[in-house]
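Residues per chain are reported as follows:
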Amino acid sequence: MRTLLLSPELFLGEGGIARIMRCYLKALCENAAAGDRVDALVLNDSTLADARIARYATPALGKLIGCGRSKLNFLQQAFRLTSGVDQVICGHLHQLTLLWLLNHVRRRFRYSLVAHGIEVWRPYSLLETRALLGAHRILCISEYTRRQILRFCPTLEPSRLCVVANTLDPFLEIGAEPFKPAGLAGPVILSVSRLTDADSYKGVDTLIEALPGILREFPLAQLRIVGGGDDLPRLRDLAARLRIASSVHFTGIIDDESLRREYAACELFALPSRREGFGLVYLEAMTFGKPCLAARAGGAPEVVNDRVGALADYGNIPEIVAAVLDLVRHPRDPAAIRQHGQTFAFPAFRSRLAAALA
Amino acid sequence: MCGIAGIVAPLLDQAVRESVLARMIDRQRHRGPDDSGFVSNASASLGMARLAIIDPAHGHQPMSSPDRRFHLVFNGAIYNHRELRTTLESDWTFRTHCDTEVLLAAFVRHGPDCLGKLRGMFAFAVWDAQEQVLFAARDGLGIKPLYYVRRPDRSLIFASELNAVLASRLVEREIDATSVGEYLAWFSVPAPRTIYRGIANLPAGHSLRLDREGRLSTQAWWSLPTHQQPHQIARDYSAFAHGLREQLDDSIRAHRVADVPVGAFLSGGMDSTAIAGLMIRGGARQLKTFSIGFEEAGYAEQDSAREAARFLGTEHHEDILTGARVAADLPRILAAFDQPTGDGINTYYASALASRNGVKVALSGLGGDELFGTYPSFRDLPKLQRLLPWWRRLPQKTQQWIVAKLRSKPQTRARKLADFLAHARDLHELASLQRRVLPEVSRLALLSSEARALATRLGPHHPMLEDFAFDLTSADDFQIVSAWELRTYMANVLLRDSDVMSMAHSLELRVPFVDTRLLEWLWPQRSYFKRDPRHPKRALADAVADVVPASIRKRPKQGFTLPFPLWMREELRPFLDETFSSSSLAHCPWLNAPAVTALWKDYIDGTDSRAWSRVWTVAMLVAFVNRKPEGLNTNSH
């Protein structure tokens, strides 16, 4: 069987889609039977000579082509690579319409979509609807995303939508030494997010607003916010206005090793986001045995529950305060948290994907 | 029908817990003047005040299982209790004929799965003393309420009314600025929020579980039917009307189950006349009916009610309301509120009338509009939905320009259209927005800057938008609009107000149209049978043609509206002047006082009488905050 993987990017960035599509590449290669071949076509990556490729590939990997953001090149390569292909896995809804068109000019192949989150929670154009209706499988990263797709495309056959929950990168290292900056005696709350205006739904501002309530109970508590973006000045202003600037630390964008240290050192991880398709960051925190605070919204409640963390209504500041205080006062068992995180480990993901595509 | 309350707090001294419970029960004595009781052990205390309707001599609550493992407090009525009883008798020796014992036996046998077997209106809680677990649930459509608070020590307090929760004195009486924003949008605070910070309203069709480690979880146990059984769907209109009549007869039969006098509200409209007519056809003798009327031209509906009563031969009672009387009674009405509401005053007076005339149970026609599609939303929203794809094709700048133009217009209709265009992507979002009292720009303008920031963060949509939309993925347009009407305006305004206002007069109000069995039969039927655009409620009219006079069946739908536009400029004017005074508004830090004052002044100076509901909604919020909630006295003359 010949399989083609289409993705917006693989190794170019460390966004959620790139990370999960690398896992798809690895799982497809490992699930390939003898004689099967997996090709990959990536829109944004320009060179795919990255040393990491070897870690995600097996001998089943055939062509791996990056198009350096050239849509024309991507179109040409897609036309070429779909010749004789049996199934195509597509990493973004925008690429699905192309596949639908190619499927009409090429011989019929099966194509499936990986539906991540916000990009599919909306009404679809006629072309997108036709492309979705023609898909063999829609691989949803969470039940929430599955239900959103059915909401906006109710004519889809529900059995074609499979939940293949996201997984952590199997090469994530957790052997970091806890890093607790000198003078931090109180509980450390960690948040990791892009801090752009478009990502303001992530709820980092609500965490800052909750901090005064947390400080009343734990005066030495610290909020450490990892990430960068154009929303940073607003968030800094908010902390200053609430007179808690000394308790909020913006680390900016940091390297992987530093991030691992942050995870290892915190008491809890918090991202009370309104629209997480899944929330890979919660899984990362769980790998370090850290309890998570998430909002009761989007796909997050499928990852975070009462045993491994706490849920609060999005934007409900008193509830966020209460949830943080609960997690600090009633620590969750780190072993149980890690065990819960393991239910989303790569081997389980690979099996779920194989079953969905069977 | 009762008021229930409870507290699960292992860390709290038992004697303290019992005194807290006593205060909570006492605060909802009006819900159950016939009996009261409590049960208490090392971790939990449960209590109730009972209005005895079925087997009045027995059925004392809390009711415990023979082995003292399970303890139940229950508010409501299980209409199929006799039917259920026969299925449970093999392993339960019944001591009473009360529905409470049937519910207890069903829970002991089936656990939470018993919920699917119940037909009725209910909110109940069961304490499992062995497992140290509390389980509570509300009926599918949210007829009976249940409020709860989770405290920082992981304890839990619950009750049938918010006033009772506050009477525990373990919860702060703090108005939630976020809820104020929600109230201004929806006429009431939608579940799961309440007007008070930290107190939650268990949504309709949800259950709650508190385990021995103090972990709390809630989940939906009922949803609108999704799987259609082809054999249930009527082949043609005649079969549909015949089937509908059978279902209505069955619902009326179930809702008449009581060992005390049962009456009916009769406005003279199609729904209430159908209910009263079916009751009589079902065997009700000397039925007492009740209606509210007005002297003001254009509002007086008493002639219709009298006509219906004459046709049916009921013992009819009516109460003619005047603005002066409503103005005098407002302090008592406000004291009965447990949350502010822009509605409910008619139910307050109708319930008082029924109660004065010796009726303990009354049936109401509430719910007919939602089931048979008589609201304008059923006509307008599907049309708007068809325009949305064309709207999305316009360039974004053009869209923004049009929305800004519409928002700058003073007319509410233009501003609401702007909300639809700016925020709605599908029929669910249109339906979510259409029941808003105030357009978004008007709502935000009335809020203080802090409350405005909170409201902006949550956005204009209903808080349960996604839950409702996900439940209805295979629904047609009629079903989607019907579901939204059932689950928003009906559940959060009509049913909630009906419960509070009828209970203020110790009256059990039953709603045969809001019946899960009827709904489950009606839901999959063809929409064009249920709603004929040319003849509103044709199906209902045809199904009850023998019990409703032709003059009522053929009359165009008239909304039941009190003469507020007139009263607010006359008899209620002093109350409103006081309500919108700077001293009253000083107690409302989450409102933008100058904007609120301007809203009132514009209404008085203007000529748009349709604006009354927006002004009244804000007035009820301000008056609620400034009310004297203690000393509830429901006597009304």
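Everything numeric here is computed off the predicted structure, so don't read it as measured data. (Residues numbered from 1 in each chain as written. Chains lettered and ligands numbered in written order. Predicted model: local features only at pLDDT ≥ 70, side-chain atom pairs only at ≥ 80, totals over all residues. Heavy atoms only, no water.)

Overview of the nonpolar core
Here comes step 1: Ranked by internal contacts, the top residues of the largest apolar core, which has 171 residues, are Leu244, Leu591 and Trp616 of chain B.
Here comes step 2: Ranked by the residues each element gives to this core, the list is headed by helix α19 (residues 477–503) of chain B, at 13 residues.
Here comes step 3: In this view, leucine 244 of chain B contacts Phe372, Leu518, Trp521, Leu522, Ala539, Leu540 and Ala543 of chain B; residues no more than four positions away in its chain are not counted.
Here comes step 4: Among the nonpolar cores identified, the runner-up in size contains 61 residues, and Val188, Ile208, Val281 and Ala323 of chain A belong to it. (Core = buried A, V, L, I, M, F, W, Y, C linked by side-chain atoms within 4.5 Å. Buried < 20%, exposed > 50% of the residue type's maximum accessible area, 1.4 Å probe, protein only. Helix = DSSP H or I, 4+ residues; strand = E, 2+ residues; numbered from the N terminus. Contact = heavy atoms within 4.5 Å.)

Examining the interface of chain A and chain B
Here comes step 1: Each partner contributes to the interface: chain A provides 24 residues, whereas chain B provides 19 residues.
Here comes step 2: For the chain A and chain B pair, buried surface summed over both sides reaches about 2,000 Å², with 46% attributable to carbon and sulfur atoms.
Here comes step 3: On the chain A side of the interface with chain B, the three residues burying the most area are Pro123, Arg147 and Arg151 of chain A, jointly 31% of the side's total.
Here comes step 4: At the boundary of chain A with chain B, the tally comes to five salt bridges. (Buried area = accessible area lost by both parts, 1.4 Å probe. Salt bridge = Lys/Arg side-chain N within 4 Å of Asp/Glu carboxyl O.)

Considering the packing of helix α6 (residues 237–255) of chain B against helix α7 (residues 270–281) of chain B
Residue and element names in this part refer to chain B.
Here comes step 1: Relative orientation of the contacting elements α6 and α7 amounts to 75°, with a least axis distance of 10 Å. Judged by the angle between their axes, α6 and α7 are roughly perpendicular. Only Ile275, Leu278, Met279 and Arg281 of α7 make contact with α6, whose side of the interface consists of Arg245, Leu248, Asp249 and Ile252.
Here comes step 2: Taken together, the residues of the contact of α6 with α7 sort by class into five nonpolar, no polar and three charged. (Axes fitted to C-alpha atoms, helices over the stretch in contact; angles between N-to-C directions. Parallel < 35°, antiparallel > 145°, perpendicular 65-115°, else oblique. Nonpolar A, V, L, I, M, F, W, Y, C, P; charged D, E, K, R; others polar.)

Regarding the side chain of aspartate 231 of chain A
All names here are of chain A.
Here comes step 1: Along the chain, the position of aspartate 231 falls in the loop between β9 (222–226) and α8 (232–241).
Here comes step 2: Overall, aspartate 231 belongs to the buried group, its relative accessible area being 5%.
Here comes step 3: Setting aside anything within four residues of it in sequence, one finds aspartate 231 in contact with Leu195, Thr196, Asp197 and Ser200.

Points about unusual backbone geometry
Residues and elements named next belong to chain B.
Here comes step 1: Look at the link from glutamine 61 to proline 62: it is a cis peptide, with omega at -5°.
Here comes step 2: When you line up the elements, proline 62 lands in the loop between β3 (44–50) and β4 (63–64).
Here comes step 3: Residue proline 192 is bonded to the preceding alanine 191 through a cis peptide linkage, with omega at 10°.
Here comes step 4: For proline 192, the position within the fold is in the loop between α5 (177–186) and β10 (199–201).
Here comes step 5: Here the phi dihedral of arginine 68 falls at roughly 65°; this positive angle occurs in a residue that is not glycine.
Here comes step 6: Looking at the element boundaries, arginine 68 is found in the loop between β4 and β5 (70–78).
Here comes step 7: The backbone phi angle of glutamine 132 is positive, close to 60°, even though this residue is not glycine.
Here comes step 8: With respect to the helices and strands, the residue glutamine 132 is situated in the loop between β6 (120–128) and β7 (133–138).

Things to note about the environment of proline 212 of chain A
All names here are of chain A.
Here comes step 1: Turning to its location among the elements, proline 212 is positioned in helix α7 (residues 204–217).
Here comes step 2: What makes proline 212 partly exposed here is its relative accessible area of 22%.
Here comes step 3: Each residue touching proline 212, except ones within four places of it in the same chain, is listed here: Leu242 and Ile244.

With respect to the sheet that holds strand β6 (residues 137–140) of chain A
Residues and elements named next belong to chain A.
Here comes step 1: Across the sheet, which stays open at both edges, the seven strands sit in the order β3-β2-β1-β4-β5-β6-β7 with parallel pairing between neighbours. Of all strands in the sheet, those with a lone pairing partner are β3 (61–66) and β7 (161–163), marking the two edges. Across the sheet, the axes of successive neighbouring strands diverge by a mean angle of 20°, strand direction being ignored.
Here comes step 2: The sheet contact formed by strand β1 (residues 2–7) and strand β4 (residues 87–90) spans four bridges and is parallel. Paired with threonine 3 across the strands is glutamine 87, a residue of β4. (Pairing = 2+ DSSP bridges.)

A closer look at helix α8 (residues 302–312) of chain B
Residue and element names in this part refer to chain B.
Here comes step 1: If you check which residues of α8 are buried, you get Gln302, Ser304, Ala305, Ala308, Ala309 and Leu312. What you see down the axis of α8 is that its buried residues fit within an arc of 160°, all on one side. Within α8, the exposed residues directed more than 90 degrees away from the buried face are Asp303 and Arg310.
Here comes step 2: Along its buried surface, α8 packs onto α7, β14 (288–294), β15 (315–321) and α23 (550–553).
Here comes step 3: Within two residues after α8, glycine 313 carries a phi angle of roughly 70°, on the positive side. (Arc of directions from axis to C-beta.)

Here we look at the sheet that holds strand β16 (residues 361–363) of chain B
All names here are of chain B.
Here comes step 1: As summarised here, the arrangement of the five strands in space is β15-β14-β13-β16-β17, forming an open sheet in which the pairing is parallel. Of all strands in the sheet, those with a lone pairing partner are β15 and β17 (508–510), marking the two edges. Taken over all neighbouring pairs, the strand axes of this sheet differ in orientation by 30° on average, direction set aside.
Here comes step 2: Pairing geometry for strand β13 (residues 262–265) and β14, over two bridges, is parallel. Bridge assignment links alanine 264 to a residue of β14, and that residue is threonine 289.

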